[in-house]
Amino acid sequence: MSISHAPPGSSEPDISRISTSKTGSDARSDDPAPLDLVPLVPTSSRRTHVPRWLRRTTGPLVLLALWQLLSSTGVLTSDVLASPGRIAHVGWDLVDSGSLSSAMATSLQRVAIGLLLGTVIGTGLALVSGLFRIGEDLVDAPVQMLRTVPFVGLIPLFIIWFGIGEAPKVAIITLGVTFPLYLNVYAGIRGVDSQLIEAGESLGLSRWGLVRHVVLPGALPNAMTGLRYSLGIAWLALVFAEQINADAGIGFLMVQARDFLQTDVIVVCLIVYAFLGLLADFVVRTLERLLLQWRPTFTGR
């Protein structure tokens, strides 16, 4: 590298005439490549690749191991919380006897009927309130008033109205599903960009065409979020509903286990509740990925 001297009267070298070229013996094969020729490797590719299924199962496995350790050392006694091994044994006995499968079928039927009725009612009210101003004036205020009433507090009233059969159980689940779905679908309809509406009108779409091609697709992400939230509420409502003079279902098994202080059976029923809720959420998330393929989203890094 050579630096030319500065012109007369200047105390600094002429930076513009610095030469960094190497010729002859100065150029060596082991010199690093110029910065602009070094390939840039993304940060994500330099990380150690761990399968995602392994990362997702690490937390539950660690919790299960800690639970077993506390049970083995006597910190958790059997009358407080049974060990995982004991719960697995009791769960197998319930499956082998057929009582657990029968209870699951009954509970799934109640949730399915309540979810269907709640989806129809909540979505219908949201469409009426979201698409029409007169519908909002007539529907939104009563729905908001009823939404603030805890649906669990209506159990005595439902028993008076519908008796102690299946009707009050389904009614509680339906009520728990209706309001979250209504709020999300309504927010999705009213959250559609007005510029998309103007673009559709400029293309000559009719009112029904705007609803079908612009409003409903725009509200679909919120509707799927509301459906996922409603599923969680449905399982929560089922727990309360099956305390109403139930003679079948997972809640019935829990009531029997409570009367006989069988914590292992109670934990088995809670695990079944959690598994069914997780399975239902997986189904909705899969449906969401299929219906919302057009929407680019951030999936984390």
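Structure's up top.
A brief structural summary. (Residues numbered from 1 in each chain as written. Predicted model: local features only at pLDDT ≥ 70, side-chain atom pairs only at ≥ 80, totals over all residues. Heavy atoms only, no water.)

### Digging into the overall build of the protein chain
Now for step 1: The helix and strand inventory of the protein chain stands at eleven helices and zero strands.
Now for step 2: When the elements of the protein chain are put in sequence order from the N terminus, they spell out α-α-α-α-α-α-α-α-α-α-α.
Now for step 3: Per-residue burial over the protein chain gives 31% buried out of 301 residues.
Now for step 4: Of the contacts formed within the protein chain by residues at least 6 apart in sequence, a portion of 68% connects residues at least 24 apart. (Helix = DSSP H or I, 4+ residues; strand = E, 2+ residues; numbered from the N terminus. Buried < 20%, exposed > 50% of the residue type's maximum accessible area, 1.4 Å probe, protein only. Contact = heavy atoms within 4.5 Å.)

### Overview of the pattern of salt bridges
Charged atoms that come close allow side chains of opposite charge to pair.
Now for step 1: Following the criterion strictly, the structure yields five salt bridges and no others.
Now for step 2: For Glu242, the salt bridge goes to Arg110, with nearest N and O atoms at 2.8 Å. Linking Glu242 in the loop between α9 (207–241) and α10 (250–259) with Arg110 in helix α4 (residues 99–131), this pair joins segments that are 132 residues apart in sequence. Pair check on accessibility: Glu242 and Arg110 agree, each one buried.
Now for step 3: One salt-bridge network, in which partners are shared between bridges, spans Arg110, Glu166 and Glu242. (Salt bridge = Lys/Arg side-chain N within 4 Å of Asp/Glu carboxyl O.)

### Re the packing of α10 against helix α11 (residues 263–291)
Now for step 1: Interaxial distance between α10 and α11 falls to 8 Å at its minimum, and their mutual angle equals 160°. One way to sum up the angle between α10 and α11 is to call them roughly antiparallel. The chirality of how α10 crosses α11 is left-handed. Residue-level contacts link Ile250, Gly251, Leu253, Met254, Ala257 and Arg258 of α10 to Val265, Ile266, Cys269, Leu270, Val272, Tyr273 and Leu276 of α11.
Now for step 2: The residue makeup of the contact of α10 with α11, split by class, is eleven nonpolar, one polar and one charged. (Axes fitted to C-alpha atoms, helices over the stretch in contact; angles between N-to-C directions. Parallel < 35°, antiparallel > 145°, perpendicular 65-115°, else oblique. Left-handed = near helix turned anticlockwise from the far one by under 90°. Nonpolar A, V, L, I, M, F, W, Y, C, P; charged D, E, K, R; others polar.)

### Examining the side chain of Asn184
Now for step 1: Here Asn184 shows up in helix α7 (residues 166–190).
Now for step 2: Ignoring any residue separated from it by four or fewer positions in sequence, one finds Asn184 in contact with Asn222, Thr225 and Gly226.

### Observations concerning a positive patch on the surface
Now for step 1: On the surface, a cluster of positive charge is contributed by Arg52, Arg55, Arg56, Arg285 and Arg289.
Now for step 2: Those elements giving two or more residues to the positive patch turn out to be α2 (52–72) and α11.
Now for step 3: With three residues, the top contributor of residues to the positive patch is α2.
Now for step 4: Here Arg55 is to be found in helix α2.
Now for step 5: Here Arg55 falls in the exposed class, since its relative accessible area comes to 51%. (Patch = residues over 30% accessible without salt bridge, like charges linked within 9 Å, V, L, I, M, F, W, Y side chains within 5 Å. Areas by Shrake-Rupley, 256 points an atom, 1.4 Å probe, with all protein chains shown as cover. Lys, Arg positive; Asp, Glu negative; His and termini not counted. Charge placed at Lys NZ, Arg CZ, Asp CG, Glu CD.)

### Considerations on the environment of Ala82
Now for step 1: Along the chain, the position of Ala82 falls in the loop between α2 and α3 (84–97).
Now for step 2: Since its relative accessible area comes to 4%, Ala82 is described here as buried.
Now for step 3: For the pair Ala82 and Trp67, spaced 15 residues apart in sequence, the C-alpha separation works out to 9.5 Å.
Now for step 4: What Ala82 contacts, discounting residues up to four positions off in sequence, is Trp67, Ser71, Ile87, Thr263 and Asp264.

### Topic: the packing of aromatic side chains
Now for step 1: Considering all chains together, one arrives at four aromatic pairs under this definition.
Now for step 2: Site record: aromatic cluster; members linked through ring pairs are Phe158, Trp161 and Phe162. (Phe/Tyr/Trp six-rings, centres within 6.5 Å; stacked < 30°, edge-to-face > 60°.)

### Quick notes on the nonpolar core
Now for step 1: Within the largest apolar cluster, 55 residues are counted, with the highest numbers of intra-cluster contacts made by Ile172, Ile173, Trp235 and Ile250.
Now for step 2: Put simply, the parts of the chain that give this core at least two residues each are α3, α4, α5 (133–147), α6 (155–162), α7, α9, α10 and α11.
Now for step 3: At 14 residues, α9 tops the list of elements feeding residues into this core. (Core = buried A, V, L, I, M, F, W, Y, C linked by side-chain atoms within 4.5 Å.)

### Remarks on the packing of helix α8 (residues 194–202) against α9
Now for step 1: Two numbers describe how α8 lies on α9: the axes approach to 10 Å, and their chain directions differ by 145°. Crossing of α8 over α9 shows right-handed handedness. Touching Leu196, Ile197, Gly200 and Glu201 of α8 are Leu210, Val214 and Val215, all from α9.
Now for step 2: When its residues are assigned to classes, the contact of α8 with α9 shows five nonpolar, one polar and one charged.

### Notes on the side chain of Glu242
Now for step 1: You can call Glu242 buried: its relative accessible area is 1%.
Now for step 2: Among the polar contacts listed, one links the side chain of Glu242 to the backbone nitrogen of Gly251, at a separation of 2.5 Å.
Now for step 3: Engagement of the side chain of Glu242 in a polar contact is seen with the side chain of Tyr273, the distance being 2.8 Å.
Now for step 4: Once residues within four sequence positions are removed from consideration, Glu242 is found in contact with Ser107, Arg110, Ala248, Gly249, Ile250, Gly251, Phe252 and Tyr273. (Polar contact = N/O pair within 3.5 Å; in protein donor to acceptor, adjacent residues only side chain to side chain.)

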